[in-house]
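Single-letter residue listing:
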Amino acid sequence: MSDLELLTQSLARTVKHWRAVRGFTLDVLAARSGVSRGMLIQIEQARTNPSLGTVVKIGDALGISITTLLDYEQGPRVRIVPADQAVRLWHTDAGSYNLLLAGTEAPGPLELWEWRLMPGESSPSDPHPAGTVELVHVIEGELTLTVDGTDHRVPAGASAAFEANAAHVYGNTGDLPMRMVMAVSVPPVG
C-alpha cells in the first residue's frame, strides 16, 4: 500500500473518530468547515485525497491539529518525530513545499511547520477560526506575507506574528528560494 493510500485511510478513520467525539453530524461538520457533505463522505470512505486547504478546514472545524487529524501515534510527554516521518502536505513541480514537523493538542491544536517557496510561487490560506495565531521565522530569502490584502515583507532572520482569522498568502516575489518555519496555534473548540 502506498504512503498516499495509508494517509487517505488514516484521514478517513480520524475524521470519523473526531466527528463522533465532537458529536457532529455530517451536516454540522459541513456547515462548520465549509466543506461539502459529499466531500466529507468521500473523505470518511477513503475515496479521495483532499487538498491541504480542505484538511485545514476540517481540522479547524473539529478543533484539532492536522497532526492529530493525520493520526499521529500519541505517546509519552516527549515524542520525537524522525525527519522521515514529517508529512509533506503540499508541493509544486518547481520545488516549493511544506512539511508538518510536529504538533500537539495543548490546550488547542499547536503545529510546527517548515515551508519552502520557490521564486514566483505562493500559497493562499483561507481564514482560520477567531483566536488562531501564526508565527513565522524566515531562514532564507524573503517572505511576502499578505494578510487581509496587505503585503508585509519579512526578510531572512526576521519573524512575524499575526492573527490568522483573515485570508492570508505566503508568497515569494524575490529571485531566491525562501525557507521559513511556522507555528500555528488554534484555540480549542468551545
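So, how was this worked out
- Residues numbered from 1 in each chain as written.
- Predicted model: local features only at pLDDT ≥ 70, side-chain atom pairs only at ≥ 80, totals over all residues.
- Heavy atoms only, no water.
- Helix = DSSP H or I, 4+ residues; strand = E, 2+ residues; numbered from the N terminus.
- Rg over C-alpha atoms; globule rule 2.2 N^0.38 Å.
- Buried < 20%, exposed > 50% of the residue type's maximum accessible area, 1.4 Å probe, protein only.
- Contact = heavy atoms within 4.5 Å.
- Areas by Shrake-Rupley, 256 points an atom, 1.4 Å probe, with all protein chains shown as cover.
- Lys, Arg positive; Asp, Glu negative; His and termini not counted.
- Charge placed at Lys NZ, Arg CZ, Asp CG, Glu CD.
- Pairing = 2+ DSSP bridges.
- Axes fitted to C-alpha atoms, helices over the stretch in contact; angles between N-to-C directions.
- Core = buried A, V, L, I, M, F, W, Y, C linked by side-chain atoms within 4.5 Å.
- Salt bridge = Lys/Arg side-chain N within 4 Å of Asp/Glu carboxyl O.
- Polar contact = N/O pair within 3.5 Å; in protein donor to acceptor, adjacent residues only side chain to side chain.

A. Examining the overall build of the protein more closely. Scanning the protein for helices and strands turns up 5 helices and 10 strands. Compactness check: the protein gives a C-alpha radius of gyration of 16 Å against a globular reference of 16 Å for 190 residues, within 12% of the reference. With 190 residues in all, the protein has 43% of them scored as buried. Once local pairs closer than 6 in sequence are excluded, the contacts in the protein between residues at least 24 apart make up 62%. Surface accessibility of the protein: about 9800 Å² in total, with carbon and sulfur atoms responsible for 53%. For the protein, the centre of its 14 positive side-chain charges and the centre of its 21 negative side-chain charges are spaced 8 Å apart.

B. Representation of the sheet that holds strand 6 (residues 142-147). Strand order in the open sheet made by the 4 strands is 4-9-6-7, with antiparallel pairing throughout. Strands with a single pairing partner mark the edges of an open sheet, and in this sheet they are strand 4 (122-125) and strand 7 (150-155). Put simply, the sheet's adjacent strands are angled 20° from each other on average, direction ignored. Bridge analysis of strand 4 against strand 9 (residues 168-171) gives 4 bridges, and the strand direction is antiparallel. From the neighbouring strand, S123 faces strand 9, where its bridge partner is Y170.

C. Structural context of the environment of L99. Within the element layout of this structure, L99 appears in strand 2 (residues 97-105). Once the C-alpha coordinates of L99 and E121 are considered, the two residues, 22 residues apart in sequence, prove to be 16 Å apart. With residues up to four places along the chain from it excluded, the contact list for L99 reads A86, V87, R88, L112, W113 and E114.

D. Representation of the environment of L52 within the structure. Note that L52 resides in helix 4 (residues 52-62). The exposure class assigned to L52 is buried, which follows from its relative accessible area of 17%. Through-space distance from the C-alpha of L52 to that of G174 is 24 Å; in sequence the pair is 122 residues apart. In contact with L52, other than residues within four places in its own chain, are I66, L89, W90, N98 and W113.

E. Looking closely at the nonpolar core. With 43 residues, the main nonpolar core has I66, W113, L143 and Y170 as its most contacted residues. It is helix 4 that contributes the most residues to this core, 6 residues altogether.

F. Local environment of the pattern of salt bridges. Under the definition given, this model contains 6 salt bridges. For E140, the salt bridge is made with R179, and the minimal N-O distance between the two is 3.4 Å. Of this pair, E140 sits in strand 5 (residues 133-140) while R179 is found in strand 10 (residues 178-185), placing the two residues 39 residues apart along the sequence. Since its relative accessible area comes to 37%, E140 is described here as partly exposed. Note that E142 and R153 form a salt bridge whose closest N and O atoms lie 3.9 Å from each other. Taken together, the positions of E142 in strand 6 and R153 in strand 7 put the pair 11 residues apart, joining distant regions of the chain. Through salt bridges with shared partners, a single network forms among E114, E140 and R179.

G. Summary view of the side chain of T144. By the element assignment, T144 lies in strand 6. For T144, a relative accessible area of 5% corresponds to the buried category. At 2.6 Å, the side chain of T144 forms a polar contact with the side chain of R153. Non-local contacts of T144, meaning those with residues more than four positions away in its chain, are made with D151, H152, R153, V169, Y170, G171 and T173.

H. Local environment of helix 4. Within helix 4, 9 of the 11 residues are buried, which leaves the element mostly enclosed by the surrounding structure. Phi turns positive, to about 75°, at G63, one or two residues after helix 4.

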